[in-house]
Amino acid sequence: MTARTDPPTLDVHDVTVRFAGLTALDGLSLTVAPGSVHALIGPNGAGKSTCFNVLSGLCRPATGTVRLGGTELTRLAPHRIAALGVARTFQNIVTTDGTVADNLLLGRHALSRAGFAASALRLPTAVREQREHRARCREIAELVGLDAHFDTPVAALSYGDRKRVEFARALCLEPRVLLLDEPVAGMNAAERARTAEVVRDVRAHLGLSVLLVEHDMGLVMRLADEVTVLDFGRRIAHGSPEDVQRDPEVLRAYLGTGTPEEGAA
Ligand SMILES: Nc1ncnc2c1ncn2[C@@H]1O[C@H](COP(=O)(O)OP(=O)(O)OP(=O)(O)O)[C@@H](O)[C@H]1O
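Just so we're clear, the structure is a prediction, and the values are computed from it rather than from any experiment.

A word on the overall build of the chain. Counting secondary structure elements, the chain contains ten helices and ten strands. Look at the contacts in the chain between residues 6 or more apart in sequence, and 67% of them connect residues 24 or more apart. Carbon together with sulfur atoms contributes 52% to the accessible area of the chain, which is approximately 12,100 Å² in total.

Right, dumping it as structure tokens:
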């Protein structure tokens, strides 16, 4: 697999989201630099998932803009945003029945050129395309360490491997920016370390940017180039992992749940 050109900058500008009387995001701005890992952290209810929902088109902001390079994503439908190169994973595993290969092929669906009829009739172009998609899925399975399980039913896999299937399926969309929502939640120490390695490898090999929401502060501090800290929908700090860990506002926001370093948020 060859590295591609740098992904476009993802730019979130002054985004506000309100639910009835509650302001879930309050003028949030952040920039995910090309090829970087940018972590979005904050205590429970700070607005991290709401931010992901805006970025992936599941939630429409009251004000503000989201741009990927020169393209405005704000208020586009989720499938359009995905087609423009922003893929996401979810906190909870949402794999379907079937094998790892079946799940990864679902991730290629948006990239299929052959129409439904051509596929159903197994016309040569559709068959060739399907073969190419399968080969690419196998490459991605190798990259995330699932190659040995390619034809295994997802239901037979460990929790950590199932989380990686979801990760790999998002990669099958060939995203330029990957939104990773708590990729190591519920994993044991060995699985966490393995997933951190996989994120690093994926970034290096596929040349994409990552926006990471994660409560495991050890992982955030090891993986992130930049960190944005949210509290009550507002950005209270931004900088390198080292700077953010020392920021008095951040320590205050985490009081009662431990410091960010302790990762009990
Ligand atoms: N659909 C909704 N309707 C009403 N309120 C919502 C909705 N979604 C989120 N909220 C509220 O918006 C605020 C931000 O929630 P959000 O889930 O984005 O926080 P979070 O930082 O992702 O939290 P966690 O770490 O617990 O996942 C919370 O007060 C939450 O209760």
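Structure's up, so let's keep going.
Right, let's get into the pairing of strand β4 (residues 63-68). Here β4 shows a clear split, with G64, V66 and L68 buried on one side and none of T63, T65 and R67 buried on the other. Sheet topology note: the β4/strand β5 (residues 71-72) ladder contains two bridges and is antiparallel. The residue bridging L68 from the neighbouring strand is T71, located in β5. Count of turn residues in the β4/β5 antiparallel hairpin: two residues, of which G69 carries a positive phi of about 60 degrees.

This part takes up the nonpolar core. L104, F167, L171, V202, L212, V220 and V229 are the most contacted members of the largest nonpolar core, which totals 51 residues. The two domains that each donate at least three residues to this core are domain 1 (1-85 + 175-265) and domain 2 (96-171). Among the nonpolar cores identified, the runner-up in size contains 25 residues, and V17, C51, F52 and L230 belong to it.

Turning to helix α1 (residues 48-55), a few remarks are in order. With six of eight residues buried, α1 is to be regarded as a mostly interior element. Just downstream of α1, G57 is the residue with a positive phi angle, here 85 degrees.

On to the environment of R134. Relative to the helices and strands, R134 is located in helix α5 (residues 124-143). Residue R134 is classed as partly exposed on the basis of its relative accessible area of 32%. Put simply, R134 and L105 are 29 residues apart on the chain and 6.7 Å apart in space, counted from C-alpha to C-alpha. The residues contacting R134, other than those within four sequence positions of it, are A101, L105, F150 and D151. Polar side-chain contacts of R134 include one of 3.1 Å to the side chain of D151.

Okay, the side chain of S56 next. Along the polypeptide, S56 turns up in the loop between α1 and β4. Sequence-distant contacts of S56, defined by excluding residues within four places in its chain, comprise P78, I81, R88 and L179.

Here is what the cut-offs are and how they apply
Residue indices follow the written sequence of each chain, beginning from 1 at its first position. This being a predicted model, a pLDDT of at least 70 is required before a residue's local features are given, and a value of 80 or more before pairs of side-chain atoms are given or counted; all residues contribute to the totals for chains, interfaces and linings. Hydrogens and waters are ignored; side-chain quantities use all the structure's heavy atoms. Strands are runs of DSSP state E lasting at least two residues, helices are runs of H or I lasting at least four, and both sets are numbered from the N terminus onward. Should any heavy atoms of two residues lie within 4.5 Å, those residues are considered in contact. Accessible surface is estimated by sampling points in the Shrake-Rupley manner with a 1.4 Å probe; for residues, cover comes only from the protein chains shown. When accessible area is computed with a 1.4 Å probe and restricted to protein chains, residues below 20% of their type maximum are described as buried, those above 50% as exposed, and intermediate ones as partly exposed. Two strands are said to pair when DSSP picks up at least two bridges between them. Nine residue types can take part in a nonpolar core, namely buried Ala, Val, Leu, Ile, Met, Phe, Trp, Tyr and Cys, and a core is a set of them joined through side-chain atoms within 4.5 Å. Bear in mind that the domain bounds are from an automatic or database domain assignment. Here a polar contact is taken to be a pair of N or O atoms separated by no more than 3.5 Å, where protein atoms must pair a possible hydrogen donor with a possible acceptor and residues adjacent in sequence count only if both atoms sit in side chains.

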